[in-house]
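Descriptive structure summary
These are the residues of each chain, in order.
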Amino acid sequence: SQQGEEDPQALSIQEGENATMNCSYKTSINNLQWYRQNSGRGLVHLILIRSNEREKHSGRLRVTLDTSKKSSSLLITASRAADTASYFCATRFTSGTYKYIFGTGTRLKVLA
Amino acid sequence: DVKVTQSSRYLVKRTGEKVFLECVQDMDHENMFWYRQDPGLGLRLIYFSYDVKMKEKGDIPEGYSVSREKKERFSLILESASTNQTSMYLCASSWPGGGRGTGELFFGEGSRLTVL
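The following refers to the structure shown.

Basis of the calculations
- Residues numbered from 1 in each chain as written.
- Chains lettered and ligands numbered in written order.
- Predicted model: local features only at pLDDT ≥ 70, side-chain atom pairs only at ≥ 80, totals over all residues.
- Heavy atoms only, no water.
- Helix = DSSP H or I, 4+ residues; strand = E, 2+ residues; numbered from the N terminus.
- Buried < 20%, exposed > 50% of the residue type's maximum accessible area, 1.4 Å probe, protein only.
- Contact = heavy atoms within 4.5 Å.
- Areas by Shrake-Rupley, 256 points an atom, 1.4 Å probe, with all protein chains shown as cover.
- Pairing = 2+ DSSP bridges.
- Buried area = accessible area lost by both parts, 1.4 Å probe.
- Salt bridge = Lys/Arg side-chain N within 4 Å of Asp/Glu carboxyl O.
- Polar contact = N/O pair within 3.5 Å; in protein donor to acceptor, adjacent residues only side chain to side chain.
- Nonpolar A, V, L, I, M, F, W, Y, C, P; charged D, E, K, R; others polar.
- Axes fitted to C-alpha atoms, helices over the stretch in contact; angles between N-to-C directions.
- Disulfide = S-S within 2.5 Å.
- Core = buried A, V, L, I, M, F, W, Y, C linked by side-chain atoms within 4.5 Å.

1. Some words on the overall build of chain B
- A count of helical and extended segments in chain B gives zero helices and eleven strands.
- Along chain B, helices (α) and strands (β) appear in the sequence β-β-β-β-β-β-β-β-β-β-β when read from the amino end.
- C-alpha extents for chain B along the principal axes are approximately 45 × 30 × 25 Å.
- The 116 residues of chain B split such that 48% are buried.
- Relative to all contacts within chain B whose residues are 6 or more apart in sequence, the contacts with residues 24 or more apart total 56%.
- About 5,400 Å² of surface is accessible on chain B, with carbon and sulfur atoms providing 51% of the total.

See below:
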């Protein structure tokens, strides 16, 4: 399977702490994206990082990409209870297809 | 704002029934996708379409077919529903990326299908 994998599968932290999630993938990519999903809802795009970028910021989000290790991490700083959700990475491969492959997700719970 | 609308949030069907899941997007996106989501397995791609009447198989196309007769509409069809197709189905659309947008996916709210 080409599917990516997130680590950890579940994470529970206190409000105000930082949350770090990791994503690994298997083949060369064009870009990598992170999505958030509230329980029972659709996914919402958070941030995209291209294969020639190493780090990107958006508000309290920081994403890094290491193409040599085929991995990415998402850092959420100063977590809030409202950040409680599942987070997925999605990779778009360089093979010319428009396909995106999603990881298995990290369930984040932020305790107030 | 981009809107991706899935016709039904919850469906209950019987084994052997033909099931249609409809998805409509209002942003003139070329690409449309159907995923299924199961606990512990994340999102798995069933089919995607990069233009009207064009389609490609994803990772788990068996037991499913799709139809894209108009650019804004992408339908997922279960010809003969089975209990192992009980799942959450998510539709998404996007521009192809490159010169047109970033290629990010816009998702509908999902259709939770139960097959009895």
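2. Things to note about the pairing of strand β8 (residues 71–76) of chain A
Residue and element names in this part refer to chain A.
- With five of its six residues buried, β8 lies for the most part within the structure.
- Strand direction decides the pairing type here: strand β3 (residues 19–24) and β8, joined by six bridges, are antiparallel. What sits directly across from Asn22, in β8, is Ser73.
- Where strand β7 (residues 61–66) lies against β8, six bridges are found, and the strand directions are antiparallel. If you follow Leu61 over to β8, its bridge partner there is Ile76.

3. A few points about the interface of chain B and chain A
- Contacts between the two partners involve 26 residues from chain B, matched on the other side by 23 residues from chain A.
- Taken over both partners, the interface formed by chain B and chain A buries close to 1,900 Å², and the fraction arising from carbon and sulfur atoms is 53%.
- For the interface between chain B and chain A, the tally reads one salt bridge.
- The salt bridge partner of Arg41(A) is Glu109(B), with a shortest N-O separation of 2.4 Å.
- Applying the counting criterion to the chain B and chain A interface returns five residue pairs in polar contact (both at pLDDT 80 or more).
- For the side of chain B that touches chain A, the secondary-structure elements that each account for two or more residues are β4 (31–38), β5 (42–51) and β9 (87–94) of chain B.
- In terms of residue count, the dominant contributor to the side of chain B that touches chain A is β5(B) (six residues).
- Of the residues belonging to the side of chain B that touches chain A, the class tally is twelve nonpolar, eight polar and six charged.

4. Some words on the sheet that holds strand β8 (residues 73–78) of chain B
Residues and elements named next belong to chain B.
- Taken in spatial order, the four strands line up as β1-β3-β8-β7 in an open sheet, and their pairing is antiparallel. Looking at which strands have only one partner, the edges of the open sheet turn out to be β1 (4–6) and β7 (65–70). Sheet twist, expressed as the mean angle between neighbouring strand axes with direction ignored, is 20°.

5. Some thoughts on the side chain of Gln85(B)
Residues and elements named next belong to chain B.
- Along the chain, Gln85 turns up in the loop between β8 and β9.
- Polar contacts involving the side chain of Gln85 include one to the main-chain carbonyl oxygen of Gly63, which spans 3.2 Å.
- Those residues within four positions of Gln85 in sequence are excluded, and the remaining contacts are Arg36, Gly63, Tyr64, Leu78, Ser80, Leu113 and Val115.

6. Points about the state of the cysteines
- Tallied over the full model, the rule gives two disulfides over all chains.
- Disulfide pairing is shown between Cys23(A) and Cys89(A); the S-S distance is 2.0 Å. Classification of the bridge connecting Cys23(A) and Cys89(A) rests on its S-S torsion, roughly 65°, and on that basis the disulfide is right-handed. Here Cys23(A), found in strand β3, pairs with Cys89(A), found in strand β9 (residues 85–93); they are 66 residues apart in sequence, far enough to count as distant.
- The exposure class assigned to Cys23(A) is buried, which follows from its relative accessible area of 2%.
- What pairs with Cys23(B) in a disulfide is Cys91(B), and their sulfur atoms sit 1.9 Å apart. Taking the torsion about the S-S bond as the criterion, the Cys23(B) to Cys91(B) disulfide, at about -75°, is left-handed. Of this pair, Cys23(B) sits in strand β3 (residues 19–25) while Cys91(B) sits in strand β9; the two residues are 68 residues apart in sequence, bridging distant segments of the chain. Accessibility classification places Cys23(B) together with Cys91(B) in one group, the buried group.

7. Digging into the nonpolar core
- One finds Met21(A), Leu32(A), Trp34(A), Leu74(A), Ile76(A), Tyr87(A) and Leu108(A) to be the most contacted residues of the largest nonpolar core, which totals 22 residues.
- Those elements that place two or more of their residues in this core are β3, β4 (29–37), β5 (43–50), β7, β8, β9 and β11 (106–111) of chain A.
- With four residues, β9(A) is the largest single contributor of residues to this core.
- Judged by nonpolar contacts, the second largest core, of 20 residues, contains Met32(B), Tyr47(B), Ile60(B) and Ala81(B).

So yeah, pure geometry; function would need other evidence.
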